[in-house]
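Chain by chain, the residues:
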Amino acid sequence: MNALALWINLALVAGLVAVLSSASLLLGPQRRAAGAKGQPYETGMSPLEPAAGRMTVSYYRFAVLFVIFDIDLALLLPWVLMRDRLSLGAVAAFSLFLGLVALTLAYLWRKGALEFS
Amino acid sequence: MTSLLVLTAGLLWLVAMGLAGRSGKAQSARAVAVFAILLATLCLAPTGEAADGLLRQDGFSACWQLIFLLAALPLAMLMPMEDESSAILLLGSLAGMSLLASANHLILLFIGLESMSLPGYLLVYRLNRGRDSLEAAIKYFFMGSAAAALYLFGASLYYGATGSLALAPAGPSSFRLEFSLALMAVAALLKIGAVPLHFWLPDVYEASAPELAGFFSTAFKAAGILFLLRLLQLPPVLSEGMQLALPWISAVTMTVGNFLALRQSSLARLLAYSSIAHVGYLLLGVWAWTRDGRPLPGSILLYLAAYLFMSTGAFAALRLSGLKRWEQLRGYGARSPWLAGFMALMLLSLASIPPTGGFLAKFFIFWDALRAQGAGWVWVAAFNSLVGIGYYFSWIKAMAFDPADEQAAPPAPKLSLRQQGLLWGCAVPTLFLGVWPGVHTWLTALLGAAR
């Protein structure tokens with residue numbers, strides 16, 4: 001791998017993005033659909049409000065909590081699958097990690113971070 | 001390693017305190033934080049590799065951890081606390097820094113970097129709630145995210161080039177390797193606020209509580225410099241590229257910082273631009289260090305140590321006096337002579353006037369740069385020091401000689417014994433570092449321990 005290959009790669013990426021986005025602009029249908037056809041499809045109902053509205057910041061908290069437990073689970077899965085071959089040290093290390101996550105969750109609970117108001 | 005464990009134990013203790021939910025938490029949380037910091041300081045030692053070589057606690061790690069802990073102590077003592085959460089954030093940030101200092105792996109370095117920075121963004125808003133600090137915190141967060149993205153991109157390219165994420169001298173030089181290291185170096189420059197990546201810095205320093213700004217200007221910058229030194233230690237390739245770029249970055253950084261500081265009317269903002277200028281001098285030292293074949297960076301450590309005491313002192317004086325704007329300085333010397341005198345000492349040190357630590361530190365940086373055949377860059381830095389004297393001395397002049405303005409200034413504070421001790425703790429080392437040139441040799445020997 002040398003410098004030239006990387007530059008060619010970068011140029012290809014930039015070129016591809018430019019070609020694809022301009023192609024859809026040039027070749028795609030030009031007309032704007034009017035009436036009901038132009039509206040976003042939302043389970044058959046007419047949209048209630050613009051999609052780019054503001055979200056409550058509390059959703060963010062739940063997103064973060066979700067990510068934490070998602071990663072927790074992703075780490076837990078191989079641990080369970082390998083349970084027969086793990087040394088005591090590995091079990092202890094992972095239990096420590098789980099304990100820390102649980103402690104953090106308890107702290108957040110106590111601080112009212114899980115209340116949705 | 002032990003000090004990292006002590007900090008983590010303090011953190012868990014604070015979390016448990018929050019869970020137990022007893023009353024009078026703020027004072028005991030402060031006590032726990034201060035105690036954990038002091039105990040961690042006592043536990044500092046270069047102990048070698050740990051965790052299968054993922055961590056390496058060498059002389060560099062121990063010296064830099066000492067700087068972090070000393071910088072956090074005044075913050076733990078001064079910061080307003082409602083409950084234990086600010087103390088948790090502070091200890092979390094400190095644990096991240098300690099990890100950063102002893103990380104021997106790029107992923108651990110990243111974890112250290114992020115767990116150092118994220119509590120910092122939160123503290124900006126938490127210690128000084130308001131519209132400005134919210135804006136500053138979000139701005140700081142975005143700049144930090146940009147640094148993280150650059151770092152991760154660089155680290156992934158590094159893995160592609162070398163097949164390993166260990167922080168060890170890599171194989172043969174290639175364009176991809178150099179590019180990856182340059183990306184990570186830019187992330188480090190963003191963390192220390194080198195021009196042109198400095199835009200977040202004055203806003204953050206102005207909007208956050210002064211003691212927190214002091215912590216940012218000392219601990220965060222020291223962490224960024226250590227990060228940069230670790231990267232530059234890797235293979236010789238980056239050093240060659242950086243040898244061309246660093247003196248220019250350094251010269252532009254100090255010039256922009258100093259000239260913009262001349263025009264500030266907010267004192268915290270002035271100190272922020274002054275800290276940008278000091279980063280410029282530090283980068284000159286980093287350049288001389290790479291040119292010199294990367295020996296033990298005693299001059300850089302001395303500069304960081306001197307800057308630790310003078311910057312912490314200057315920001316602590318701002319916090320304790322309640323001064324915010326330039327107009328309030330008029331006649332402050334007559335109103336509160338001791339505090340004004342202390343502030344003047346810190347400013348003299350920042351302006352690097354002997355016999356203060358700032359002078360000796362800058363002397364060694366210039367000396368290193370001269371030995372690295374950088375006489376031209378030393379002239380630029382010397383001219384910049386002259387510009388710096390302009391605003392530091394007009395600050396002192398405004399306090400000492402201008403007629404008092406009765407309405408403008410806040411009343412002279414009544415300092416508690418602890419606060420007086422803190423000011424002495426900044427003033428004595430500042431003077432001491434200025435009269436004992438042997439400290440340079442001593443620090444260099446300290447850095448060389450257990451390598």
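Residues numbered from 1 in each chain as written. Chains lettered and ligands numbered in written order. Predicted model: local features only at pLDDT ≥ 70, side-chain atom pairs only at ≥ 80, totals over all residues.

Assigned secondary structure in chain A consists of 3 helices and 0 strands. Helices and strands in chain A line up, N terminus first, as α-α-α. Burial statistics for chain A: of 117 residues in total, 0% are counted as buried. (Helix = DSSP H or I, 4+ residues; strand = E, 2+ residues; numbered from the N terminus. Buried ≥ 20, exposed ≤ 12 C-beta atoms within 10 Å, placed from the backbone.)

Let's shift gears to the overall build of chain B. For chain B, the helix and strand inventory stands at 18 helices and 2 strands. Rg of the C-alpha trace for chain B: 21 Å, near the compact-globule value of 22 Å for 451 residues, within the 12% margin. Across the 451 residues of chain B, 56% fall into the buried class. Within chain B, contacts between residues at least 6 apart in sequence are counted, and of these 79% link residues at least 24 apart. (Rg over C-alpha atoms; globule rule 2.2 N^0.38 Å. Contact = placed C-beta atoms within 7 Å.)

Okay, the interface of chain B and chain A next. On the side of chain A, 9 residues touch chain B, which itself brings 7 residues to the contact. Breaking the side of chain B that touches chain A down by element, the ones donating at least two residues are helix H1 (2-20) and helix H7 (175-192) of chain B. Looking at the side of chain B that touches chain A element by element, the count peaks at 3 residues for H1 of chain B.

With that settled, consider the confidence of the model for chain A. Overall, the prediction assigns chain A a mean pLDDT of 82, with 88% of residues at 70 or greater. When mean pLDDT is compared element by element in chain A, helix H1 (residues 3-27) of chain A scores highest at 89, while helix H2 (residues 58-81) of chain A scores lowest at 85. (pLDDT = per-residue confidence, 0-100.)

Residue and element names in this part refer to chain B. Running from N to C, helix H5 (residues 106-126) and helix H9 (residues 210-233) point in directions that differ by 165°, and their axes come no closer than 12 Å. Taken as axis vectors, H5 and H9 run roughly antiparallel relative to one another. The interaxial crossing formed by H5 with H9 has left-handed handedness. Contacts between H5 and H9 involve Met-116, Gly-120, Leu-123 and Val-124 on the former and, on the latter, Leu-212, Phe-216, Phe-220 and Ala-223. (Axes fitted to C-alpha atoms, helices over the stretch in contact; angles between N-to-C directions. Parallel < 35°, antiparallel > 145°, perpendicular 65-115°, else oblique. Left-handed = near helix turned anticlockwise from the far one by under 90°.)

As for its placement among the helices and strands, Phe-383 of chain B is situated in helix H16 (residues 375-400). For the pair Phe-383 of chain B and Thr-255 of chain B, spaced 128 residues apart in the sequence, the C-alpha separation amounts to 9.0 Å.

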